[in-house]
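Residue strings, one per chain:
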Amino acid sequence: MRVAILGPLSVEGPEGPIEVGGARVRALLALLALEEGRLVTAERLIGALWADEPPANAVNALQTLVKRLRAALRPYDVVESRPGGYRLSAQVDARSFRDLARVGELDAALDLWRGPALADLAAVPHLANVAAALEEERLAAVEARAEARLAAGLAVDLAAEVAAHPLRERLCAIAVRAMAAAGRQADALALFARTRARLADELGVDPGPDLRAAHLAVVSGDLPVAPPAVAPAVRRRGSSVKRPLTSFIGREEELEELTALLSAARMVSIVGPGGAGKTRLATEAALLADEAWLVELAPVTDPADVPGAVLDALALRGAERPALGVQEEEVTPTDRLLAALADRKALLVLDNCEHLVEAAAVLAERLLTDCPGLRVLATSREPLGVQGERLAPIPPLELPPVGAGPSVAGTCPAVRLLLDRADGVTLDERNVAAIIAICRRLDGMPLAIELAAARLRTMTPAQLADRLDDRFRLLTGGSRTALPRQQTLRAVVEWSWDLLTARERALAESFAVFAGGATPEAVEAVCGAGMEVLGALVDKSLVRMDAQGRYTMLETIRTYAMECGEQPRRAHAVHYMELAEAAVPHLRAHEQLEWIERLAAERDNHAAALRWTIDSGEVELAVRMCGALTWYWWLCGYRAEGEAWSAQVIELAGGDPPEGLAAAYASCMFGIGTGHIGRLLSEPDSLLEVVAELERVVAQARAEGPVHPMLLLGRAVMAAMTRQDDRLAELLAEYVAAEDPWLASAALMVRGGWRSADPTAEEDLERAVAGFRRLGDRWGLSEALLTLAGVRVAHDRPAADLVAEAGTLTIGWVSVDEAISTLTTVALLRAQGGDIEGATTDLARARAAMSDDTSEHVALRLRLGEADLARLAGDPADALAIYEEVIVTLPAMEDVLPQQLSWALTSYGRALLETGDLGGARRQLLLAVEAFGAAPDLPILASALAGFAAVALASGDAERAAVLLGGASTVYAGLSGGDADAARTVADTRAALGDAVFEEAYERGARMSRDQLTRLL
């Protein structure tokens, strides 16, 4: 993704421009872009965004802005949370401008400017100051380019710049020289005079030396200006650094940072795991030095031989003679080095120090102390520990995102390296997924990627990707001229492994149990090791620590560790089961987001632990862990994942709750049921069986102790599904009065939605909103707000504020499928309220989030939403085309549900009605009713009946319309309170008949049986 700030703020992804709306959201993006790739603290962001009047809860306000920004940038996950702040991973044109200007590419640098920097954000004081500083940089580049052109004898025109900045003396001086060089001495002298006068009038100063020198050059005729003398190239006094035969790819930023470190510190160590490219990076840095020597320590086995190896690299063995009076045998190799390097300004590279760390550290410190012009650059898998040492950790190469196309993947350093080293492999749509998989499975490690590239001479990318589970046997084709430990992937890891102590090796083997990294607390609980040993593994580059303090192990190292010893699987499963159980109450309280983030970070660990418990027959662990995780999966929209795990756990448990675990078992049943609700509605016998079983298990669970309130609420939902209205009302009344505030709020929300046509519905929903707000449950608040908004929109009352708030509460942390569904709901509510533009933006965001992994059902809902929006926006032709497309493709969908087909046909019928095609509308509505069979989804059936009423009204039979509306209200009491189309039909029919006639016909319909209503159709 590219962010442009050299002009109005703009964003472009691989597929084209990305719209980011909202001035404060755009300002947030600009602030993050200015620190490209670096942490920006929350305190700094708040100070810049709300300089004068920060909101009462500034941290929450900032989090809301970040979520809005993330939503706008989806599917690109480039705004990262870090302890204390946020970081943006994107290319920024200001950085490119500076890089190009620094190397003298001034034309290309200035071409990046599209107008005044951050022109659309000048109202933000901090950004206005930044824009002024950027303008200063631009003018400096303009001046430098003009001077270079003058020196080359080329024409220069600075009239526009001088007019815009008449008091900028250097600019005016160059313009004076340029005019004179072009033979316009009179114009040059006139410009000097104007500038001098303005300086005196406005600033009260005389011209500075640059401007005076330019004036003197004009009046003396000393023109054209001679180009500045070019400094002679510095001759390298000596070097043992040879330029590699292969291209340098993907480490340009690291090289720049390393060069900056070497200019600021005399002792720098590049640290990282084997195969990360430490030697190559050090070599490239050494090639930039005037005098550099590279000492290869890998072949050295005796620490005492380290000084001698340096002497050999400098070709000084025996070259330096001892001083007069000093015996030859008294002079040590270190003495020779000190004598040779005492007055040299050079860079000494000590490569591969990890097996000789102490000896290398002693020598480096001695040389740095006695040779003031010397700098030392070391490469090692752990720091040398020398006083003043600065570390340059080398990360894996940047990886392409999963699912990226060739245009995006081809820009990632890991892919670029693979393609460069693999002869004859071209990236295209057919192999991009396999090439991405190779780079990601190999952790972006350069040596592993180069070994894989060698294999691509005899295998296709897909064949190689499929065989990487056996990576150590597969990746053995390294360069014959490389060191033995760099010729195979196994040798690379073994070299590091052999340097570990027994305690370090034991922890490394145990640490491999963590599938997705671990917190320090998890390492201590599962592996029984303290921070001292864990810190040693970090120092030796076998474990990495990220900015959040989380520890991870590269997949290749983890695979090797799992081969070497046993992992504490049961301790791992117990720890993550306890974490999941501890999270449950927090997932519906103010700490909701914090615990969602904690569980999100442990998804891989939970999956690995569940897999082990199921495969090992650990029934209690499996039931408890799955039961607790059900609520996270359900809350975040990972319902297919929850259903799959729950089904396996229920099967493992043998179909009956283990003693004392009925609540956890019932939660697993809930996890299965949420994935089958649609199907169960069309299978009444199966539905009744599920209801009876759930009632039995929940009753057993309540006898054992407290149960999750959602299980209780599920009983009410099941009563609604089985059309037990009296029982539904009874359960909801009980739960509304419950002491548990979450259960009471949820029951109010369900009751308000169920009775949305009732005058008390809004009061219930408003109480639900208030309850969830007090609890801090963002999911519950979002659902309650959307339900309340639906009721208000159906009654043609404003709901924009409710919809806007609901749209910000969950998008940042739910699954992509759930986010698409929420955006679709929000968009349709906006459209029904008249905000077509806002609805269009929401659906565009939903469409942008789609991928190959999006479920068919979510994609169908979005497509119907797009059709509904076209209809509401007054574009019936587009709406009809989409409905027809959906109806044609629905039968080909896997597991298509009757209610999905019925809803599509109902919507299509309404669209036909709006075009005046009454016969076509009636035919589609009949098909919608027939699609249900014997067990219709009541809200959708009621909508279809309301559609028939609209057809009757349009045909001139308002009384028949009123009868059908009465019948529809009996089928589903909340119809006219939640269906805007039905509510309009009710209002229009009442207006056509008058209140008395309407009420009589409406009541007549309400008393009819379903068979009687069906005959009316």
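Residues numbered from 1 in each chain as written. Predicted model: local features only at pLDDT ≥ 70, side-chain atom pairs only at ≥ 80, totals over all residues. Heavy atoms only, no water.

## Topic: the overall build of the chain
Scanning the chain from terminus to terminus reveals 52 helices and 14 strands. Structurally, the chain occupies a C-alpha span of about 120 × 85 × 55 Å along its principal axes. Counting all 1017 residues of the chain, 51% fall into the buried class. When contacts within the chain are restricted to residue pairs at least 6 apart in sequence, long-range pairs at least 24 apart make up 67% of them. Carbon and sulfur atoms provide 52% of the accessible area of the chain, an area that totals close to 45,400 Å². Positive and negative charge centroids in the chain, built from 101 and 144 side chains respectively, lie 4 Å apart. (Helix = DSSP H or I, 4+ residues; strand = E, 2+ residues; numbered from the N terminus. Buried < 20%, exposed > 50% of the residue type's maximum accessible area, 1.4 Å probe, protein only. Contact = heavy atoms within 4.5 Å. Areas by Shrake-Rupley, 256 points an atom, 1.4 Å probe, with all protein chains shown as cover. Lys, Arg positive; Asp, Glu negative; His and termini not counted. Charge placed at Lys NZ, Arg CZ, Asp CG, Glu CD.)

## Examining the side chain of H572
For H572, the location among the structural elements is in helix α27 (residues 569-583). Since its relative accessible area comes to 2%, H572 is described here as buried. Setting aside its immediate chain neighbours within four residues, H572 contacts V513, F514, V526, N605, A608 and A609.

## Structural notes on the pattern of salt bridges
Any two side chains of opposite charge can pair if their charged atoms end up close together. Counted by the stated rule, this structure contains 59 salt bridges. E252 is the partner of R416 in a salt bridge, and the nearest nitrogen-oxygen pair spans 3.7 Å. Here the residue R416 occupies a position in helix α17 (residues 413-421), and E252 occupies one in helix α11 (residues 252-264), the gap between them amounting to 164 residues. Note on E252: relative accessible area 40%, which makes it partly exposed. (Salt bridge = Lys/Arg side-chain N within 4 Å of Asp/Glu carboxyl O.)

## Let's talk about the pairing of strand β10 (residues 346-351)
Extensive coverage of β10 is indicated by the burial of six of its six residues. Of the two faces of β10, the one holding A346, L348 and L350 and the one holding L347, V349 and D351 are both buried throughout. As paired elements, β10 and strand β11 (residues 374-380) share five bridges and run parallel to each other. In the strand pairing of β11, A346 is matched with L374. (Pairing = 2+ DSSP bridges.)

## Quick word on the packing of aromatic side chains
Scanning the model with the defined rule gives 12 aromatic pairs in all. Relative to F670, the ring of W634 has its centre 5.9 Å away and its plane inclined at 80 degrees; by these criteria the two rings are edge-to-face. With W634 in helix α30 (residues 619-636) and F670 in helix α32 (residues 662-673), the pair connects residues that are 36 residues apart, well separated along the chain. Overall, W634 belongs to the buried group, its relative accessible area being 11%. Of the aromatic side chains, those joined through ring pairs into one cluster are W631, W634, F670 and W779. The aromatic ring of W595 is capped on one face by R598, whose charged end is 4.2 Å from the ring centroid. Its end group placed over the ring of Y638, R603 keeps NZ or CZ at 3.8 Å from the ring centre. (Phe/Tyr/Trp six-rings, centres within 6.5 Å; stacked < 30°, edge-to-face > 60°. Lys NZ or Arg CZ within 6 Å of the ring centre and 35° of its normal.)

## Regarding helix α15 (residues 357-370)
The end-to-end C-alpha distance of α15, which contains 14 residues, comes to 20 Å, matching closely the 20 Å that a straight helix rising 1.5 Å per residue would cover. Considering only its buried residues, α15 is in contact with β8 (267-271), α13 (306-313), α14 (333-341), β10 and β11. (Expected span 1.5 Å × (residues − 1).)

## Quick look at the nonpolar core
One finds L258, L377, L418, L464, L475, F511 and F514 to be the most contacted residues of the largest nonpolar core, which totals 191 residues. For this core, the element with the highest residue contribution is α30, accounting for 13 residues. Residues contacting L418, with those up to four places away along its chain left out, are I435, I438, C439, I449, A452, A453 and L456. In this structure, A33, V40, A42 and A178 belong to the second largest nonpolar core, which totals 74 residues. (Core = buried A, V, L, I, M, F, W, Y, C linked by side-chain atoms within 4.5 Å.)

## Examining a negative patch on the surface
On the surface, D725, D726, E730 and E734 cluster together into a patch of negative charge. With respect to the helices and strands, D726 occurs in helix α36 (residues 725-736). In this structure D726 comes out as exposed when scored by relative accessible area, which is 70%. (Patch = residues over 30% accessible without salt bridge, like charges linked within 9 Å, V, L, I, M, F, W, Y side chains within 5 Å.)

## Side note on the sheet that holds β11
One open sheet holds the five strands; their spatial order is β9-β10-β11-β8-β12, and the pairing between them is parallel. Looking at the sheet topology across the chains shown, the edges are occupied by β9 (292-296) and β12 (390-393). The sheet shows a mean angle of 20 degrees between the axes of neighbouring strands, taken without regard to direction. The strands touched by helix α12 (residues 278-287) are β8, β9, β10 and β11; relative to β11, the strand with the most contacts, the crossing angle is about 160 degrees. (Axes fitted to C-alpha atoms, helices over the stretch in contact; angles between N-to-C directions.)

## Looking at the environment of F248
Structurally, the position occupied by F248 is in the loop between α10 (209-220) and α11. Residues F248 and R727, 479 residues apart in the sequence, show an inter-C-alpha distance of 72 Å. With sequence-adjacent residues up to four places away left out, F248 is seen in contact with L255, R280, L281 and E284.

## Quick notes on helix α22 (residues 489-497)
Where α22 is concerned, the buried positions are L489, A491, V492, V493, S496 and W497. Where α22 is buried, its residues meet α19 (446-455), α21 (471-474), α23 (502-511) and α26 (555-564).

## Comments concerning the packing of helix α48 (residues 958-971) against helix α51 (residues 995-1006)
Contact geometry of α48 with α51 gives a least axis separation of 6 Å together with a crossing angle of 45 degrees. On the basis of their axis angle, the class for α48 and α51 is oblique. For the pair α48 and α51, the crossing hand works out as right-handed. Of the residues in α51, those touching α48 at E959, A962, V963, L965, G966, G967, S969 and T970 are F998, A1001, Y1002, R1004, G1005 and A1006. Residues belonging to the contact of α48 with α51 are distributed by class as follows: seven nonpolar, five polar and two charged. (Parallel < 35°, antiparallel > 145°, perpendicular 65-115°, else oblique. Left-handed = near helix turned anticlockwise from the far one by under 90°. Nonpolar A, V, L, I, M, F, W, Y, C, P; charged D, E, K, R; others polar.)

## Regarding the environment of L294
With respect to the element layout, L294 can be found in strand β9. Distance from L294 to A282, taken between C-alpha atoms, is 8.8 Å for residues 12 residues apart in sequence. Beyond its immediate chain neighbours, meaning those up to four positions away, L294 contacts S240, V241, T283, A313, V349 and D351.

## Things to note about the side chain of T613
Here T613 shows up in helix α29 (residues 603-615). Not counting chain neighbours up to four residues away, the residues in contact with T613 comprise A573, E618, L621, A622, M625 and L652.

## Structural notes on the packing of helix α45 (residues 898-914) against helix α46 (residues 918-932)
Packed helices, taken two at a time, are described by their axes: the angle between them and the distance between them. Direction vectors running N to C along α45 and α46 enclose 170 degrees, while the axes themselves pass 8 Å from each other. Classified by the interaxial angle, the pair formed by α45 and α46 is roughly antiparallel. Contacts between α45 and α46 involve P898, Q899, L901, S902, L905, T906, Y908, G909, L912 and L913 from the former and L918, G920, A921, Q924, L925, L927, A928, A931 and F932 from the latter. Here the contact of α45 with α46 is built from residues that sort into 13 nonpolar, six polar and no charged.

## Remarks on the pairing of β8
In summary, the side chains of a regular strand alternate between the two faces of the sheet. Among the five residues in β8, five count as buried, and that is most of the element. In β8, alternate side chains face the same way, and those of M267, S269 and V271 on one face and V268 and I270 on the other are all buried. In the sheet, β8 pairs with β11 via five bridges, with the strands oriented parallel. Among the inter-strand pairings, V271 is bridged to a residue of β11, identified as S380. Both β8 and β12 contribute to a ladder of four bridges, which runs parallel. Each bridged residue has a counterpart across the sheet, and for I270 the counterpart in β12 is A392.

## Remarks on unusual backbone geometry
Glycine aside, the phi torsion of most residues is negative, and most peptide linkages are trans. Not every positive phi belongs to a glycine, and N352 is a case in point at roughly 65 degrees. Mapped onto the elements of the fold, N352 is located in the loop between β10 and α15. For S541, which is not glycine, the phi dihedral falls at a positive 65 degrees. Tracing the sequence through the fold places S541 in the loop between α25 (531-539) and β13 (544-545). Residue S541 is classed as buried on the basis of its relative accessible area of 9%.

## As for the sheet that holds strand β5 (residues 79-82)
The strands making up a sheet associate through hydrogen bonds between their backbones, and the pairing can be parallel or antiparallel. Ordered by their spatial adjacency, three strands build an open sheet running β4-β6-β5, and the pairing between neighbours is antiparallel. Looking along the sheet, the strands with just one partner apiece sit at the ends: β4 (40-41) and β5. Bridging between β5 and strand β6 (residues 85-88) involves four bridges; their strand directions are antiparallel. When the bridges of β6 are listed, S81 appears paired with Y86.

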